[in-house]
Amino acid sequence: MTFYSALLPPARATGPGPVMVAWRMSWLVLLSGWVGLVLRGCWISGLLAGGACILTRQLLPLPVALPLLGGMHLLLALNAPDLRQWELRLRGYQTARGVYATDPKAALLRWMDRNRSHPLSPVS
């Protein structure tokens, strides 16, 4: 089971309900680095990491730059949930109690079941 933290949209938002962020390493970010962060919706941290990768490759010789870039991919992959939560909080999302579940849909259903009094939960 994976822990999913719930982030509630701002009061002014009319879109879908809470966003469930899985607290595990991101394989997409591990394999593709900063591009994976951008694909996950983390624009700010993805572009900052992309700039750091480009500078590392341009300023250091290739035998030194490759291990550093590999380490950067690993570091970004391990911290991808934190980065995603940070960017969602910048957009106005509020953190709520999380749940353990096997996938995001099950996590959302479990969160809605535990928070029946919340305005985003279905009325029973």
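Computed from a prediction, not measured in an experiment: that's the story for all the values here. In this numbering scheme, every chain counts its residues from 1 along its sequence in written order. Totals for whole chains, interfaces and linings use every residue, but because this is a predicted model, local features are given only for residues with pLDDT of at least 70 and side-chain atom pairs only at 80 or more, for both listing and counting. Side-chain measures were taken over the full set of non-hydrogen atoms in the model, leaving aside hydrogen atoms and water.

Q: Looking at this structure, how should I read the overall build of the protein chain?
A: Labels follow the DSSP assignment, with helices taken as runs of H or I lasting at least four residues and strands as runs of E lasting at least two, numbered in each case from the N terminus. When its secondary structure is counted, the protein chain shows 6 helices and 3 strands. When its helices and strands are written in sequence order, the protein chain yields β-β-α-α-α-α-α-β-α. With the radius of gyration taken over C-alpha atoms, the globule rule is written as 2.2 Å times the number of residues to the power 0.38. Relative to the 2.2 N^0.38 estimate, which gives 14 Å for 124 residues, the radius of gyration of the protein chain is 17 Å and therefore markedly larger than a compact globule would have. Expressed along its principal axes, the backbone C-alpha trace of the protein chain runs to roughly 60 × 30 × 15 Å. A 1.4 Å probe rolled over the protein chains alone gives each residue an accessible area, and that area as a share of the maximum for its type sets the label: buried under 20%, exposed over 50%, partly exposed in between. Relative to its full complement of 124 residues, the protein chain shows a buried share of 33%. As displayed, the protein chain offers around 7900 Å² of accessible surface, 65% of which is attributable to carbon and sulfur atoms. Averaging the coordinates of the 12 positive side-chain charges in the protein chain and doing the same for the 4 negative ones gives two points 2 Å apart. Only the protein chains shown count as cover for residues, with accessible areas throughout obtained via the Shrake-Rupley method and a probe of 1.4 Å. Only four residue types enter the charge count, namely Lys and Arg as positive and Asp and Glu as negative; His and the chain termini do not. A charge is said to be at NZ when it belongs to Lys, at CZ for Arg, at CG for Asp and at CD for Glu.

Q: Help me understand the environment of arginine 57, please; the structure alone is not making it clear to me.
A: Position of arginine 57 among the secondary structure elements: in helix H3 (residues 43-59). Spatially, the C-alpha atoms of arginine 57 and leucine 68 are 9.3 Å apart, while their sequence positions differ by 11 residues.

Q: What is the right way to look at the pattern of salt bridges in this model?
A: Pairing is possible between side chains that carry opposite charge, provided their charged atoms lie close to one another. Basic side-chain nitrogens of Lys or Arg form a salt bridge, by our definition, when they fall within 4 Å of a carboxyl oxygen of Asp or Glu. Taken as a whole and judged by the stated rule, the model has 1 salt bridge. Put simply, arginine 91 and glutamate 87 hold a salt bridge, and the shortest N to O gap is 3.7 Å.

Q: How should the packing of H3 against helix H5 (residues 80-90) be read in this particular structure?
A: Packing of H3 against H5 leaves a shortest axis separation of 8 Å and a crossing angle of 125°. Viewed along their axes, H3 and H5 adopt a mutual orientation that is oblique. On H5, the residues that touch Trp43, Ile44 and Ser45 of H3 are Leu83, Trp86, Glu87 and Leu90. Interaxial angle, 0 to 180 degrees, is taken between N-to-C directions of lines fitted to C-alpha atoms, where a helix line uses only the stretch in contact. What sets the label is the angle itself: under 35 degrees gives roughly parallel, over 145 gives roughly antiparallel, 65 to 115 gives roughly perpendicular, and the rest give oblique. Note on contacts: a residue pair qualifies if any of its non-hydrogen atoms lie within 4.5 Å across the two residues.

Q: Is there a simple way to explain the sheet that holds strand S3 (residues 94-101) in this structure?
A: Pairing between the strands of a sheet is mediated by backbone hydrogen bonds and can be parallel or antiparallel. When DSSP finds two or more bridges between a pair of strands, those strands are recorded as paired. Read across the sheet, 3 strands follow the order S2-S1-S3 without closing on themselves; strand pairing throughout is antiparallel. Since the sheet does not close on itself, it has two edges, and those belong to strand S2 (19-22) and S3, each with one partner. Recorded for the sheet is a direction-independent mean angle of 30° between the axes of neighbouring strands. In this sheet, S2 lies alongside strand S1 (residues 2-8) in antiparallel orientation, the contact comprising 4 bridges. Its bridge partner being in S2, serine 5 is matched across the sheet by valine 21. Of the strands in this sheet, S1, S2 and S3 are in contact with H5, which crosses S2 at around 155°.

Q: Before we go on, may I ask you to explain H3 in this structure?
A: Each turn of an α-helix holds 3.6 residues, which means side chains three or four residues apart point in the same direction. By definition here, a helix of n residues has an expected span of 1.5 Å times n minus one. Its 17 residues place the ends of H3 24 Å apart at the C-alpha level, agreeing with the 24 Å of an ideal helix rising 1.5 Å per residue. Here H3 has its buried residues at Ser45, Gly46, Ala49, Gly50, Cys53 and Thr56. Considered in projection along H3, the buried side chains sweep an arc of 135° and stay on one side of the axis. In H3, those exposed residues whose orientation departs by more than 90 degrees from the buried face are Trp43, Leu47, Leu48, Ile54, Leu55, Gln58 and Leu59. Summarising the contacts, the buried residues of H3 are in contact with helix H2 (34-39), helix H4 (62-78) and H5. Comment: arc refers to directions from the helix axis out to C-beta atoms.

Q: Even after reading the chapter, I still don't get the packing of aromatic side chains, so can you show me in this structure?
A: When we look at a pair of aromatic rings, we describe it by the centre distance and by the angle of the planes. For this analysis, a ring pair means two rings from Phe, Tyr or Trp (six-membered ring only for Trp) whose centres lie within 6.5 Å, classed as stacked if their planes differ by under 30 degrees, edge-to-face if by over 60, and tilted for the remaining angles. Tallied over the entire structure, the rule returns 1 aromatic pair. Taking 5.1 Å as the distance between ring centres and 65° as the angle between the ring planes, the aromatic pair formed by phenylalanine 3 and tyrosine 100 counts as edge-to-face. Of the two residues, phenylalanine 3 is situated in strand S1 and tyrosine 100 in strand S3; the sequence distance between them amounts to 97 residues.

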